[in-house]
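# What the coordinates show
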Amino acid sequence: FSRFNDGKCDPKGRLWAGTYTGTENPGKASLYTLETDHQTVRTQLSNITVGNGLAWSADNSTFYYVDSEPAKKIYAFDYDMDAGTIANQRVVKDYVGNQEIPIAAVPDGMTIDAEDKLWVAFFNGREVLRIDPATGAILARVEIPAAQVTSLTWGGRNLDELYVTTARMISEDEMQATPLAGSLFKVKGLGVKGRPANVYLG
């Protein structure tokens, strides 16, 4: 089966959305765009499995994308804002066998701050990481009191609050240990700000 999993709008107001086929069907998912005419759909990327977080750099020259598993990778692409296309795929960070995160953790949702640093939710990782996309280095860790951290976005009057979503796909015993699983968390005092989200302009 295939279903849509995560999506965002680009600076030109197009909708970008990736699909999920599950690890039993690796490489069968894709990333699509819907133009603002409500009709034109383009395949931007194939050979992914669990399409997830998306982000664009402030100068609109780079697009970032997460393929959660089994790839466990954050990718960067050259982004042509006017054409709505991506090219020159490269790896920002490969978390397969990476000891910086728990072995079961996978990169999930993603956002970007005003300093062009990535913020990535880690499913089964209990945390959010701030990552330098130029080097892959971890700049900050935010522990979340739930294991399955799914996505995040900026909010608040000054866009200096990070809102973090979590899942609750766990057993009753696990729920007893982590009763806040499935909650929405607000993180303050990070010392950085985000950028306003793009909206669909169709």
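The preceding data block contains the structure.
Residues numbered from 1 in each chain as written. Predicted model: local features only at pLDDT ≥ 70, side-chain atom pairs only at ≥ 80, totals over all residues. Heavy atoms only, no water.

## What to know about the packing of aromatic side chains
What the rule picks out here adds up to 11 aromatic pairs. Aromatic pair Trp56 and Phe63: ring centres 5.1 Å apart, planes at 45°, arrangement tilted. Assessed through its relative accessible area of 4%, Trp56 is described here as buried. On the basis of relative accessible area, Phe63 is assigned to the buried category, the value being 0%. When the ring of Phe63 is compared with that of Tyr65, the centres are 5.9 Å apart and the planes differ by 20°; the resulting orientation is stacked. There is no split in this pair, since Phe63 and Tyr65 are both buried. By way of ring pairs, the aromatic residues Trp16, Trp56, Phe63, Tyr65, Tyr75, Phe77 and Tyr79 are connected into one cluster. For Arg3, the ring lying beneath its charged end belongs to Tyr20, and the centroid distance is 4.3 Å. (Phe/Tyr/Trp six-rings, centres within 6.5 Å; stacked < 30°, edge-to-face > 60°. Buried < 20%, exposed > 50% of the residue type's maximum accessible area, 1.4 Å probe, protein only. Lys NZ or Arg CZ within 6 Å of the ring centre and 35° of its normal.)

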